[in-house]
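# Summary of the model geometry
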Amino acid sequence: MSNYKIDTLCLQAGYKPENGQPRVLPIYQSTTYKYDSSEHLGKLFDLEAPGHMYTRISNPTFEAVEEKISALEGGVGAMLTSSGQAASLMAVLNITGAGQNIISLSSIYGGTINLFAVTLKKIGIDVRFITPDMTDEEIEAKMDENTRMIFGETIANPALTVLDMERYSALAHRHNIPMVVDNTFATPVLCRPFEYGVDIVTHSTTKYMDGHATVVGGCIVDSGNFDWSKGNFPELTTPDESYHGVVYTENFGKAAYITKARVQLMRDFGSTPSPMSVFLLDHGLTTLALRMERHSSNALKVAQFLESDDRIASVSYPGLESDSQHALAKKYLPKGCSGVISFEVKGGRDAAMKFMDSMKLAAIVVHVADARTCVLHPASTTHRQLTDRQLVEAGISAGLIRLSVGIENVDDIIADIKQALDQI
Ligand SMILES: *Cc1c(COP(=O)(O)O)cnc(C)c1O
């Protein structure tokens, strides 16, 4: 299966019906599983036999979609979560505890900034933010023996900076810590971070993976490439007393990290999706490759139009040759840069509001990466809780508009933007 191209995997990876079984992935709407003997169930509880115990931890519908996403990213295993936030949280907590810290790029999703800067801090985890202009030495000055990972986003939401994954992965590996990347905006169709040394990938599947704005969800994918025994990760390399002394690296090898996330954190936190949501996610995934192509080609044309219009103060889209991120985009996103564009209309916040209110095809929503074109004003919505300084660090100005270009006919999208600009 892994030899197939990514567009084929979007349709065919994961669920494999046998003779006479349903062609389409069934929704296993069951919390519970039945066993022939209590001895077998005991083995499941001791992690000695594979199988499902309880839907909080695993379910056959989830398993098929986890296999699909893992195949798309080229990993050894994946775990679905109830939201992208839960995926980010568990990706950190799986190897980070009170008294420890992580390094994160500052231009990331606003919800992740709140999680990192406020909530993790309350439970004793210090997140040290860095910017791309910092040298390796300046970043190393923020690291110590308690640093557990470096975190960033492939294409940052909404700053649209492109992460130099090879650089940060090499830096992380020099300190025997993993590189963790939120690949939500790029999706594995446009970029597969594991090919650039990244160790763990997270997703908000709510965005392009679902693609139709129907279900909130998240996912963590393990590359299986990080050598936990080289670093200082006793939670993976020494016995887990809650499972009678299981040692994740010994019992599960390359899948140590993702297995621990499931049997320990998902068991304890219970941020489980529902079988119906996962079925809808799988539906979305079948067309992901086609949609990402169209989102990317439409967005490039829209960005080029915006750049040519003198009512626009600035446009950020990594696919534009004039964009500060273009060199990184050519390296990491050769197939396209997704559908998300950030731009400022001349006239600041008021003009931005008037422009957005005048759009007819594009809807104002708190969402992004939807098949339908939509717009959002980050400073007053998704990033509202950020301080002015955090806004600047996240690359967001008061007049910034985030446009999520859909898969409609691009001429209609551009015509809508033109008429809205005329209203300012
Ligand atoms: C939306 C988003 C999240 C959070 O995901 P939810 O599914 O909304 O919880 C995390 N990272 C990025 C890049 C996002 O766009």
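Just so you know, these numbers come straight off a predicted model, no measurement behind them.

## Quick word on the sheet that holds strand β1 (residues 77–81)
Ordered in space as β1-β7-β6-β5-β4-β2-β3, the seven strands form an open sheet in which the pairing is mixed. The sheet is open, and its two borders are formed by β1 and β3 (126–130), each paired with just one other strand. The mean inter-strand angle of the sheet, taken between neighbouring strand axes irrespective of direction, is 20°. Of the strand pairs in this sheet, β1 and strand β7 (residues 218–222) are connected by five bridges, and their pairing is antiparallel. Looking across to β7, one finds that glycine 77 is bridged to aspartate 222. The sheet strands contacting helix α4 (residues 84–93) are β1, β2 (101–105), β4 (147–153), β5 (179–182), β6 (200–204) and β7, and the helix crosses β7 at an angle near 35°. Sitting on the sheet, helix α11 (residues 256–269) touches β1, β6 and β7, and the angle it makes with β1 is about 30°.

## Here's the deal with the environment of arginine 349
Position of arginine 349 relative to the elements: it lies in helix α15 (residues 348–358). For the pair formed by arginine 349 and isoleucine 155, sequence separation is 194 residues and the distance between their alpha carbons is 24 Å. For arginine 349, the contacting residues outside a window of four places in its chain are His377, Ala379, Ser380, Ala398 and Gly399.

## As for the packing of α4 against helix α5 (residues 110–122)
Their axes nearest at 10 Å, the elements α4 and α5 cross at an angle of 45°. It follows that α4 is oblique to α5 by the angle criterion. The hand of the α4/α5 crossing is right-handed. Facing α4, whose interface residues are Gln85, Ser88, Leu89, Val92 and Leu93, α5 presents Gly111, Thr112, Leu115, Phe116 and Leu120. Of the residues assigned to the contact of α4 with α5, the class counts are six nonpolar, four polar and no charged.

## As for the environment of threonine 272
On the secondary structure map, threonine 272 appears in the loop between α11 and α12 (275–286). Sequence separation between threonine 272 and glycine 218 is 54 residues, and the spatial gap between their C-alpha atoms is 9.6 Å. Sequence-distant contacts of threonine 272, that is, excluding residues within four places in its chain, are made with Thr55, Arg56, Phe62, Ser82 and Met266. Side-chain polar atoms of threonine 272 contact the backbone oxygen of arginine 56, separated by 3.0 Å.

## A few points about α5
Between its first and last C-alpha, α5 extends 18 Å over 13 residues, near the 18 Å set by a 1.5 Å rise per residue. By the largest-angle criterion, phenylalanine 116 marks the main kink of α5, which is about 30°. Turning to α5, its buried residues number three or more, namely Gly110, Gly111, Thr112, Ile113, Leu115, Phe116 and Leu120. Close packing links the buried residues of α5 with α4, β2, β3, β4 and α16 (388–393). Just downstream of α5 lies glycine 124, where phi reads positive at about 90°.

## Here we look at the nonpolar core
The biggest cluster of nonpolar side chains holds 128 residues, and the ones touching the most others in it are Val302, Leu333, Ile341, Phe343, Phe355 and Ile417. Ranked by residues supplied to this core, first place goes to helix α13 (residues 288–308) with eight residues. Of the domains in this structure, domain 1 (6–284) and domain 2 (289–422) are the two that each give at least three residues to this core. If sequence neighbours within four positions are ignored, phenylalanine 343 has contacts with Leu306, Ile312, Ser314, Val315, Phe355, Gly399, Leu400, Ile401 and Leu403.

## A look at the domain arrangement of the chain
We note that the domain assignment places domain 1 (6–284) and domain 2 (289–422) within the chain. Once you take the C-alpha centre of each, domain 1 and domain 2 turn out to be 28 Å apart. On the domain 2 side, the residues contacting the 39 residues of domain 1 number 38 residues. The interface formed by domain 1 and domain 2 contains one salt bridge. A salt bridge links glutamate 166 to lysine 331; its shortest N-O distance comes to 2.6 Å. Summed over the shared surface of domain 1 and domain 2, the number is 16 residue pairs in polar contact (both at pLDDT 80 or more). For the side of domain 1 that touches domain 2, the secondary structure elements donating two or more residues are α1 (6–12), α5, α7 (165–174) and α8 (187–190). Counting residues per element, the side of domain 1 that touches domain 2 draws most heavily on α5, which supplies four residues. In terms of residue class, the side of domain 1 that touches domain 2 is built from 22 nonpolar, 11 polar and six charged.

Cut-offs used in this document
Residues numbered from 1 in each chain as written. Predicted model: local features only at pLDDT ≥ 70, side-chain atom pairs only at ≥ 80, totals over all residues. Heavy atoms only, no water. Pairing = 2+ DSSP bridges. Helix = DSSP H or I, 4+ residues; strand = E, 2+ residues; numbered from the N terminus. Axes fitted to C-alpha atoms, helices over the stretch in contact; angles between N-to-C directions. Contact = heavy atoms within 4.5 Å. Parallel < 35°, antiparallel > 145°, perpendicular 65-115°, else oblique. Left-handed = near helix turned anticlockwise from the far one by under 90°. Nonpolar A, V, L, I, M, F, W, Y, C, P; charged D, E, K, R; others polar. Polar contact = N/O pair within 3.5 Å; in protein donor to acceptor, adjacent residues only side chain to side chain. Expected span 1.5 Å × (residues − 1). Bend = angle between axes of the 7 residues up to and from the residue. Buried < 20%, exposed > 50% of the residue type's maximum accessible area, 1.4 Å probe, protein only. Core = buried A, V, L, I, M, F, W, Y, C linked by side-chain atoms within 4.5 Å. Domains from an automatic or database assignment. Salt bridge = Lys/Arg side-chain N within 4 Å of Asp/Glu carboxyl O.

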